[in-house]
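Breakdown of the fold
One-letter residues, chain by chain:
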Amino acid sequence: MAHIFLASPHMSDEGYEKEYIKEAFDTNWIAPLGKNVNEFEKEMKEYLGCQSAVALSAGTAAIHLALKSIGIKQGDIVFCQSLTFSASANPITYEKAIPVFIDSDKDNWNMSPEALKKAFEVYKDNLPKAVIVVHLYGMSAKIDEIKNICQEYNVPLIEDAAESLGTIYKGQYTGTFGDYGIISFNGNKIITSSGGGMILVNAENAEEKAKKILYWSTQARDAARHYQHTEIGYNYRMSNIVAGIGRGQLKVLNQRIEQKRAIYSYYKEAFKDIDDIEMMPLSDDERSNCWLSSIQLKPDSKVKPLDIMVALEENDIESRPIWKPMHLQPVFHDCDFITTAEDVTISNEEIGSDTSYSGQLFEHGVCLPSDTKMTMDDLERITTIIKGLWK
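What you see is a predicted model; the values in this text were computed from it and never measured. (Residues numbered from 1 in each chain as written. Predicted model: local features only at pLDDT ≥ 70, side-chain atom pairs only at ≥ 80, totals over all residues. Heavy atoms only, no water.)

1. A closer look at the packing of aromatic side chains
Convention followed: Stacked, edge-to-face and tilted are the three classes for Phe, Tyr and Trp ring pairs, Trp counted by its six-membered ring, which pair at centre distances within 6.5 Å; planes under 30 degrees apart are stacked, over 60 edge-to-face, the rest tilted. Type-normalised accessible area, obtained with a 1.4 Å probe on protein chains alone, sets the label of each residue: buried when under 20%, exposed when over 50%, and partly exposed for intermediate values. Cation placement over rings: the criterion is NZ of Lys or CZ of Arg within 6 Å of the ring centroid and within 35° of the ring normal.
Counted according to the given criterion, the structure contains 12 aromatic pairs. Here the aromatic rings of Tyr169 and Phe177 are separated by 6.2 Å at their centres, their planes lie at 65°, and the arrangement is edge-to-face. The pair Tyr169 / Phe177 is uniform in exposure class, with both members buried. By the ring-pair criterion, three or more aromatic residues cluster together here, those being Phe79, Phe120, Tyr123 and Tyr153. Stacked on the ring of Tyr16, the Lys or Arg Lys251 has its end atom at 5.5 Å from the ring centre.

Take a look at the structure:
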């Protein structure tokens, strides 16, 4: 039996990526300059409808420069969704700011608007300088509610849409609601450039801010004949080769979204008669890209997440736990955490005792294989193994 990946790169059958790479080689533009970078930014702007975009070396770099653009400094408070990958939170510490983690909405898995309101009340005398919300696994957060709360307090909003490229919420693409949007093209994302990311700028004076971000991303080199620097810069610019891969991948993004959604639908139908399994929630207000199809097991289920992961692993099939929340990570153990959960209590060796919705999601969740190269036979093989655990 062939190995089944959780999510791996999927190049276009048409070879679009090779065409753009060949053009870069033929014209000798393989450095972090060239047509592919400029066109990739332009094409992404046109696809998403954002005001400005800058192609960077990683989504993490994009979050870092969004924080710098806002003016985050040492000692500033930044509210950040707890249930996410560490790349959402790490850049806060690059600027020596202080992360405060916000719990999830039980029915949405993303930042809870209620917990966010509570956080603003708790920190009313020391308001945050920014809020980072995440669209987990391609599911949109209640981004309109979150945006309204941020606007009420006049606090900039950063959307970590690294996992949700192509997701539409109430007629608008995720990543374009906030002042800044973050896209990732890591190898496991819905489209990949082998690495890389992009920052979308929708804040006031977007073009001016994008130019400053571009300046920082290219080592903050001043406009002088000699090498002169008046600010600290970073080597964060995307290369022309990487951008060429991204341009080719963008041409098949809609196809990949359809494939990801079909995988989700297959799992949902396959597990409909197992009461212990709940698929990740999709709102009627969204068209999710379903990047990773994930499930929750009821707390009293006889089958546990580890049982599923081990059974799949024994059959050479990848899966993984739901993200471990940031407020439960050792590196952030001293950071504040805001929750409105009152009816959740879990305790195990991995996380100790916790009373949060995000902790519950981590405790009972599994990310299932969502590779767009899977066949129907692969999906049947996966679901047969999982359903067999209940027999």
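2. Side note on the packing of helix H3 (residues 59–70) against helix H7 (residues 206–217)
Short version of the rule: A fitted line through C-alpha atoms represents every axis, and for helices the fit uses only the stretch in contact; the resulting angles, taken between N-to-C directions, go from 0 to 180 degrees. A helix here means a DSSP run of H or I that spans at least four residues, while a strand means a run of E at least two residues long, and both kinds are numbered starting from the N terminus. Here the angle decides the label: under 35 degrees means roughly parallel, over 145 means roughly antiparallel, 65 to 115 means roughly perpendicular, and every other value means oblique. With the far helix as reference, a near helix turned anticlockwise by less than a right angle produces a left-handed crossing, and one turned clockwise produces a right-handed crossing. Residue contacts follow a heavy-atom distance rule, with two residues in contact if any of their heavy atoms lie within 4.5 Å. Each residue gets one of three labels, nonpolar for Ala, Val, Leu, Ile, Met, Phe, Trp, Tyr, Cys and Pro, charged for Asp, Glu, Lys and Arg, and polar for the others, Gly among them.
For the pair H3 and H7, interaxial distance at closest approach is 10 Å and the crossing angle is 125°. Relative to H7, H3 is oriented oblique. Here the hand of the crossing between H3 and H7 comes out right-handed. On H7, the residues that touch Leu65, Lys68 and Ser69 of H3 are Lys209, Ile213, Trp216 and Ser217. Looking at side-chain class alone, the contact of H3 with H7 contains three nonpolar, two polar and two charged residues.

3. Here's the deal with the environment of Val242
Inspection of the secondary structure puts Val242 in helix H8 (residues 240–250). Of the residues examined, Val242 reaches a relative accessible area of 19% and is grouped as buried. Separated by 57 residues in the primary sequence, Val242 and Pro299 place their C-alpha atoms 44 Å from one another.

Note that every value here comes from positions in space, so none of it alone points to a role or purpose.
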